[in-house]
Amino acid sequence: MSFSGSTAGSGSRTTCTSLEFGRTHVVRPKGKHEATIVWLHGLGDKGSSWSQLLESFPLPNVKWICPTAPTRPVAAFGGFPCTAWFDVGDISEDAPDDLEGLDFSAAHVANLLSTEPADVKLCVGGFSMGAATALYSATCHAFRQYGNGSPYGVNLSAVVGLSGWLPCSRTLRHRMQGVNDAGRRAASLPVLLCHGTGDDVVAYQQGEKSTRILSSSGFQNLTWRTYEGLGHYTMPEENDEICRWLSTNLCLGGT
């Protein structure tokens, strides 16, 4: 599956109010509950694929919530329906962004986190399109609002993105300058981005460019990790880095 050569906006846009999210899978913490992370799968996948892997992570103080995206027509597949957090055709700075779809999914993530205990740190992460949605949630956190102007009420403690890209990158810097305290919130939010140089779905250069835009827009607490030869999948070394980074940045305890 590749996004290259596709045309966004090929008549596949669907009104989000008609969409329903799939099954949500939850991995309970084995120790004291200190953090909850909503983890978002990639295009065409489902939450159960990641819940099985995340359950093996040595992070006993983390609760993982793995929702499944709605099934919707996707421009990258000529309008063929599959699970997707938003519509996408071509991953490039010039491609149109499905703002309604991004807001719809970011709001679902926020709703999943809104019922967590007050003393628990709230985070969002994901792979590929899930990473793009996580990064969009990071910008909503900085602006304290969604793209449509509605209030965003979740205080995120960390964001992780694997093999992904930054939606709405064209307007990020300008929007950051127009919102009071957005720069402060962006600068204090830890963000981990990982990408493989052999990725043939979301090009390594696209991930690198997204990182530069985030950094120049004020996301100063940003960690960028490159994995030589890694394709559009994860690997043990990358998973180990995620666990180390989360333990440090969330100040997670032991067992």
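Within every chain, residues take consecutive numbers counted from 1 along the sequence as written. Reporting of local features is limited, given that this is a predicted model, to residues whose pLDDT is at least 70; pairs of side-chain atoms are given and counted only at 80 or more, and all residues count toward the totals for whole chains, interfaces and linings. Where side-chain values are given, they derive from all heavy atoms of the structure, hydrogens and water being excluded.

Chemist: It is not clear to me how the nonpolar core should be interpreted in this structure. Could you clarify?
Modeler: One recurring pattern in soluble globular proteins is that nonpolar side chains are buried together. Residues enter a nonpolar core if they are buried and are Ala, Val, Leu, Ile, Met, Phe, Trp, Tyr or Cys, with the set joined through side-chain atoms within 4.5 Å. Each residue's exposure class comes from its accessible area (1.4 Å probe, protein chains only) as a fraction of the maximum for that residue type: buried when under 20%, exposed when over 50%, partly exposed otherwise. Membership of the largest hydrophobic core comes to 52 residues, with the highest contact counts inside it found for Val159 and Phe219. Beyond its immediate sequence surroundings of up to four residues, Phe219 is in contact with Ala138, Thr139, Ala142, Ala186, Leu189, Val191 and Leu214. By size, the runner-up hydrophobic cluster in this structure holds 26 residues, among which are Leu54, Cys194, Leu230 and Leu252. Any pair of residues with heavy atoms lying within 4.5 Å of one another is described as a contacting pair.

Chemist: How do you make sense of the pairing of strand β6 (residues 121-127) when you look at a structure like this?
Modeler: Every other side chain in a regular strand lies on the same face of the sheet, so the side chains alternate between the two faces. Of all the 7 residues making up β6, 6 are buried; the element is thus mostly covered by neighbouring parts of the structure. For strand β2 (residues 35-40) and β6, the ladder comprises 6 bridges, and the chain directions are parallel. Opposite Trp39, over in β6, you have Gly125 as the bridge partner. Relative to strand β7 (residues 156-162), β6 is paired through 6 bridges, and the arrangement is parallel. Bridge pairing in β7 links Phe127 to Leu162. Runs of E in the DSSP output that reach at least two residues are strands. Runs of H or I that reach at least four are helices, and both are numbered from the N terminus. Two strands pair if DSSP finds at least two bridges between them.

Chemist: What exactly am I supposed to notice about the packing of helix α4 (residues 169-178) against helix α6 (residues 204-216) here?
Modeler: Packed helices, taken two at a time, are described by the angle their axes make and the gap between the axes. Contact geometry of α4 with α6 gives a least axis separation of 9 Å together with a crossing angle of 10°. Between α4 and α6, the interaxial angle falls into the category roughly parallel. Facing α4, whose interface residues are Ser169, Leu172 and Arg173, α6 presents Ile213, Leu214 and Ser216. Just so you know the grouping, Ala, Val, Leu, Ile, Met, Phe, Trp, Tyr, Cys and Pro go in nonpolar, Asp, Glu, Lys and Arg go in charged, and all remaining residues, Gly too, go in polar. By residue class, the composition of the contact of α4 with α6 is 3 nonpolar, 2 polar and 1 charged. To obtain each axis, a line is fitted to C-alpha atoms, and for helices this fit is confined to the stretch in contact; angles are then taken between N-to-C directions over 0 to 180 degrees. An angle counts as roughly parallel when it lies under 35 degrees, as roughly antiparallel when it exceeds 145, as roughly perpendicular when it falls between 65 and 115, and as oblique in every other case.

Chemist: Explain the packing of aromatic side chains to me, please; I cannot follow it from the model alone.
Modeler: Any pair of aromatic rings gets described here by the distance separating the centres and the angle formed by the planes. The rule is short: rings of Phe, Tyr and Trp, with Trp giving its six-membered ring, pair when the centres are within 6.5 Å, and they are stacked under 30 degrees, edge-to-face over 60, tilted in between. Inspection of every chain in the model, using the stated rule, returns 9 aromatic pairs. Note on Tyr146 and Tyr152: the rings are 5.1 Å apart at their centroids and 75° apart in plane angle, and the pair reads as edge-to-face. Chaining the aromatic ring pairs together yields one cluster made of Trp39, Trp50, Phe57, Trp64 and Phe127. Only when the NZ of Lys or the CZ of Arg is both within 6 Å of the ring centre and within 35 degrees of the ring normal is a charge said to sit over the ring. Lying over the aromatic face of Phe143, Arg175 brings its terminal NZ or CZ to 3.9 Å of the ring centre.

Chemist: It is not clear to me how the sheet that holds strand β3 (residues 62-66) should be interpreted in this structure. Could you clarify?
Modeler: Backbone hydrogen bonds hold the strands of a sheet together, and the pairing may be parallel or antiparallel. Pairing in this open sheet of 7 strands is mixed, and the strands run β1-β3-β2-β6-β7-β8-β9 from one edge to the other. Strands with a single pairing partner mark the edges of an open sheet, and in this sheet they are β1 (25-27) and β9 (222-227). Adjacent strand axes in the sheet meet at a mean angle of 15°, parallel and antiparallel pairs treated alike. By the bridge criterion, 6 bridges tie strand β8 (residues 191-196) to β9 in an arrangement that is parallel. Of the residues in β9, the one forming a bridge with Leu193 is Trp224.

Chemist: I'm lost on unusual backbone geometry in this one. Help?
Modeler: Across the chain, the bulk of peptide bonds are trans and the bulk of non-glycine residues have phi less than zero. Look at Ser163: it is not a glycine, yet its phi comes out positive at around 55°. With respect to the secondary-structure elements, Ser163 resides in the loop between β7 and α4. The phi dihedral of Cys251 is positive, around 50°, even though this residue is not glycine. Assignment of secondary structure puts Cys251 in the segment after α7 (236-249).

Chemist: Looking at this structure, how should I read the pattern of salt bridges?
Modeler: When their charged atoms lie close together, side chains carrying opposite charge are able to pair. One speaks of a salt bridge when a side-chain nitrogen belonging to Lys or Arg is within 4 Å of a carboxyl oxygen belonging to Asp or Glu. Following the criterion strictly, the structure yields 6 salt bridges and no others. Taking the shortest distance from any N to any O, the salt bridge between Arg225 and Glu241 comes out at 3.2 Å. With Arg225 in strand β9 and Glu241 in helix α7, this pair connects stretches of sequence that are 16 residues apart. Through salt bridges that share partners, Arg225, Glu241 and Arg244 make up one connected network.

Chemist: Explain the pairing of β8 here, please?
Modeler: Of all 6 residues in β8, 6 are buried; the element is thus mostly enclosed. What you see with β8 is no split at all: Val191, Leu193 and His195 on one side and Leu192, Cys194 and Gly196 on the other are buried throughout. In this structure, β7 lies alongside β8, joined through 4 bridges in parallel fashion. The residue bridging Val160 from the neighbouring strand is Leu192, located in β8.

Chemist: Got a minute to help me understand the packing of helix α2 (residues 99-114) against helix α3 (residues 129-143) in this structure?
Modeler: For the pair α2 and α3, interaxial distance at closest approach is 10 Å and the crossing angle is 80°. Between α2 and α3, the angle falls in the class roughly perpendicular. Here α2 contributes Leu99, Leu102, Asp103, Ser105 and Ala106 to the contact with α3, which in turn contributes Thr133, Tyr136 and Ser137. Residue classes in the contact of α2 with α3 are distributed as 4 nonpolar, 3 polar and 1 charged.

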